[in-house]
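# Residue-level structure breakdown
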Amino acid sequence: MKTPCLLAGGIAACAGLVVFAPSALAQTAAPTSAVPTANSSANSSNSGQNEEVVTLPTFEVTGDMAHGYVASQTTTGTRIASNINELPFDVDVVTQPMFKDFADFDLNSQLRFVAGFSPSESFGQYQLRGFASSTELVDGFRRIGLVDNVDIDRVEIIKGPDASIYGAIQPGGVVNYVTAQPTTTPDGEYSVTAGGENLFRSSLWSSGPLNSAGTLFYRISGAYQYNNYGEDFASTKTGFESIKLLYKPDANTSLSLDFEHDEYYQHPFNQVLTVTEKRTMPWAGNNVTESQYYGMALNLLDYDFAGPQSYDVYRMTTGTVEFEHNFNDVWNLKFGANAFKQPYFDQLVGSGAYYPYGTGNVTVVNGAVTNAFTPEVKDQPQVDFKPQKGGGAQLDNLFKFKTGPADNKLLITADYYNVDQRLTTLVPDINGSQATDYYALYSPYNPSGASYYTPQTTWNSAMGYGWNTTLYSTDPSLYNALTTDQWTDSKDYGVMGHETLSFLDNRVILLAGGRWDYVRNQVANYNIPANGTATSLVTTEPNPSQAFEYTASDWTYQLGASVEVVKGVHLFANKSTAFNPQPQLDSDTGLPLPNNTSNGYDAGVKITEMGDRLNLTLDRFAINEYNLAQTETDPVSGQRDTILSGQQTAKGYEANLSYQVSNDLLVQGDLGYTTTDTSDSQRITFLNDLAVRRVPRTNSGLQVTYHVSHGPAKGLFFVVDGSYTTKSLVNLGSGKSIIPGPAGTTSGSTSTMYYVPSQNETYATGKDPKLTGEVKITGTPFINAPFPGSGILPYPNLPANAALNYPISALGQPLTLVNASTPGVYSGEAEGVFVDDGREFNFNAPYALFDAGMGYTWKTGRFTHTLQVNVKNLLNRKYTYGSGVPGNPFQVSGSYYLNW
């Protein structure tokens, strides 16, 4: 029988148990007796009388009574409810009470105590085991995880390239948000939080039956939140509404409908200004100096170069339907379908480059600037429209039966997934070039421009100056250049078989799964006329766009085993593969990009001892990813190109601990050690053998929860945590592009030009628009010097330290003169090369953070009240993470929860 604590997911009725347990590390919790509930109901009330609607035993998930909110089961790893300590791979489950206890309201903070997780500055993105991902699952469906705390029951994190379960997936693993379900009796909660950085949050949810027959149930929820970041002008405003209906005519059948709408309006926090100076690169073949990165302007940590004007707007509307039926003891069926739409757009102002010596023809002698100008920041307005829509469907058939001594669970699945997205970028074009304004720090609002600004000669005062830039919403006609206009549509049809064999009362568990996916991709580039050449894989379509349609397919598999060698000690190993379709064209070849593929393994031990009070997981992993796609700016055409960028590897170790020291004290900890390398970057060769960006070598944390369960102070609770993250490489882009060309007649000249005849351009690649006449290209002498990090040559096909006074093709070969008597006119398409300009030595410094909180819970009649205070970044540590964005400063907040 479920305890009131587990049913309620709160604190008042559970004062004698550890109810404020921060369950970031839920591995290896011992299984409980099967309780037929939809989930652990972490955000139901504390009355002790309310139960979630009973769902089918096939797909059940239960919590663990002995450990408060430490979950013992998961569905994400196998699509079947499975005991975590018996699964042959690493699993983390973070439950909703942790979010409450530590006032965690976003993905970065919710998953900060997951080993191998590192946060990203981009909304909805993260790194897991060294691999970037921009997609989460919500109740098993792929989409951007715009889910508010008020509707989250738990977050399940399955690590590794396990595509045999979900098809297209990133190799680091998958994050699945599991939402809360309706309850059988009236239940609800109201909460309000206020604190520093203008934090205000309010949420409400209510649940219960809708008819006297007890067959129809509901759950409605809503939330609003506003808060600032530590950086100037940066803030977010979010809104969320959800309604769920569940019809259950009998114990074997259920039908549910779920509608959600999320809004996320953000003035984004930005990368700390990167500092550049004029230095001579080893690849410069004359006295010309290039702007090089050499650090971040940490003295300007709170300075937002984009000012108050930049914003992002996300709106996600989604609907989900699920049907379950239990035919008999052998066959269970579950069907679900989901559709979503998101008309995303943003307005960007500023590029983030800080010029401490100003801009222009500064003089550099022996590395010292002798005629510096006013320090400046660059402003380049841009607006993006990225509407997205899609959805999917899943049909699971689970068969449970015995064959000799083995218990079988055979899952047969068919599923479908689609995402359709249009990408459009508009910029102001003044006199034939993108509008760029340089403004002095601290004086961006001065409208005169003469004393405080250095506008380019092409700048038009109609655009405004600095932070007074005219936005798209004010005058769309100024944004007159369309730099990106592309459409992609990807449809994935998959079938899967997955078998779990259990022997000797679950002491030996073998798992095997195989999956086949068929993907239909459509791509259109509206910037380019349709002049491509058809191949066996690609068909071109008529004007006005270059359009392609092609198909791809892939097999993936999973093999795993878990053996209980002695009571409470499970050894496990898992091997799996994954793929991710890439509905884009390779700008170098004009052919479709191959599937991104990966493979990897996990192996380790899960220990459950001391009457299930001590749980420890230790594991080792290794992952390889192939056919990565890289987007960069072509140095010749100035357009954004997509190219293959090779292979990435990740290896590491993880440890997770949960120790119930006493009924009042819970200690949990994690340690992740990950080494990641770009092992083959092809065209962007200087990245080879360098660490992957945004990924720290080590992340670790410790959480402690204590409550008072007896005496006059009964109801008090205390939480504290600390975390440490090592340095990580800042993501600053793909490097400096240099175009080798003829030497100028004047020392230090960059004015030398050469020409590429337009009739020799390669239209099929999708790289360059069809132009009339000749393309004029700036050239500079180039030395083919090895990169300091890897020793690889920029042009591996050419001799080391060769002086290149001629343009180079995409294959690294010299172009030839069309006519020896006509200097500067070459035959073929010229290519630049990307070199390290110092950005690969910009790191986020290591940092340690500490949080603390306390609260008190009491009951009046049928109502349960909780007051709590939380302190974030207790020591007010200044730090950066991800792509060099500033972390949040010291913050105090107070919360009140009312449950009934």
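I will try to describe carefully the structure that is included in this document.

What counts, and where the lines are drawn
- Residues numbered from 1 in each chain as written.
- Predicted model: local features only at pLDDT ≥ 70, side-chain atom pairs only at ≥ 80, totals over all residues.
- Heavy atoms only, no water.
- Pairing = 2+ DSSP bridges.
- Helix = DSSP H or I, 4+ residues; strand = E, 2+ residues; numbered from the N terminus.
- Axes fitted to C-alpha atoms, helices over the stretch in contact; angles between N-to-C directions.
- Salt bridge = Lys/Arg side-chain N within 4 Å of Asp/Glu carboxyl O.
- Buried < 20%, exposed > 50% of the residue type's maximum accessible area, 1.4 Å probe, protein only.
- Contact = heavy atoms within 4.5 Å.
- Patch = residues over 30% accessible without salt bridge, like charges linked within 9 Å, V, L, I, M, F, W, Y side chains within 5 Å.
- Areas by Shrake-Rupley, 256 points an atom, 1.4 Å probe, with all protein chains shown as cover.

## Observations regarding the sheet that holds strand β4 (residues 117–119)
Paired through their backbone hydrogen bonds, the strands of a sheet run either parallel or antiparallel. The three strands lie next to each other as β4-β5-β6, forming an open sheet whose pairing is antiparallel. Bordering the open sheet on either side are β4 and β6 (131–133), each of which pairs with just one other strand. On average, adjacent strands in this sheet sit at an angle of 30 degrees to one another, irrespective of strand direction. Alignment of strand β5 (residues 126–128) against β6, held across three bridges, turns out to be antiparallel. Of the residues in β6, the one forming a bridge with Y126 is S133.

## Notes on the pairing of strand β19 (residues 331–348)
In the sheet, strand β18 (residues 311–326) pairs with β19 via 13 bridges, with the strands oriented antiparallel. Pairing of N326 across the sheet is with N332, part of β19. In textbook terms, the turn of a hairpin is the stretch between consecutive antiparallel strands, and for β18 and β19 this stretch comprises four residues. Bridge count between β19 and strand β24 (residues 382–403): 18 bridges; the pairing is antiparallel. Bridge pairing links L333 to N397 in β24.

## Thoughts on the pattern of salt bridges
For the structure shown, the criterion picks out 29 salt bridges. We note a salt bridge from E121 to R694, for which the minimum N-O separation is 3.1 Å. Of this pair, E121 sits in the loop between β4 and β5 while R694 sits in the loop between β39 (665–680) and β40 (698–707); the two residues are 573 residues apart in sequence, bridging distant segments of the chain. A single burial state applies to E121 and to R694, both of which are buried. A salt bridge links R422 to D485, with the nearest nitrogen and oxygen atoms 2.7 Å apart. In this pair, R422 sits in strand β25 (residues 406–427) while D485 sits in strand β30 (residues 481–503), placing the two residues 63 residues apart along the sequence. Since its relative accessible area comes to 8%, D485 is described here as buried.

## Overview of the environment of Y601
When you line up the elements, Y601 lands in strand β34 (residues 596–609). On a C-alpha basis, the gap between Y601 and D162 in space is 9.7 Å, while along the polypeptide they are 439 residues apart. With sequence-adjacent residues up to four places away left out, Y601 is seen in contact with N574, K575, R620, F621 and A622.

## Here's the deal with a nonpolar patch on the surface
Residues Y706, F718, F850, M854, V869, L874, L875, F890 and V892 make up a contiguous nonpolar surface patch of roughly 770 Å² in combined accessible area. Take V892: it is sitting in strand β56 (residues 891–899). Residue V892 is classed as partly exposed on the basis of its relative accessible area of 35%.

## Describing the environment of V383
Looking at the element boundaries, V383 is found in strand β24. Residue classification places V383 among the buried positions, given a relative accessible area of 1%. Residues in contact with V383, not counting those within four places in the same chain, are D346, Q347, T424, T425, L426, Y472 and Y479.

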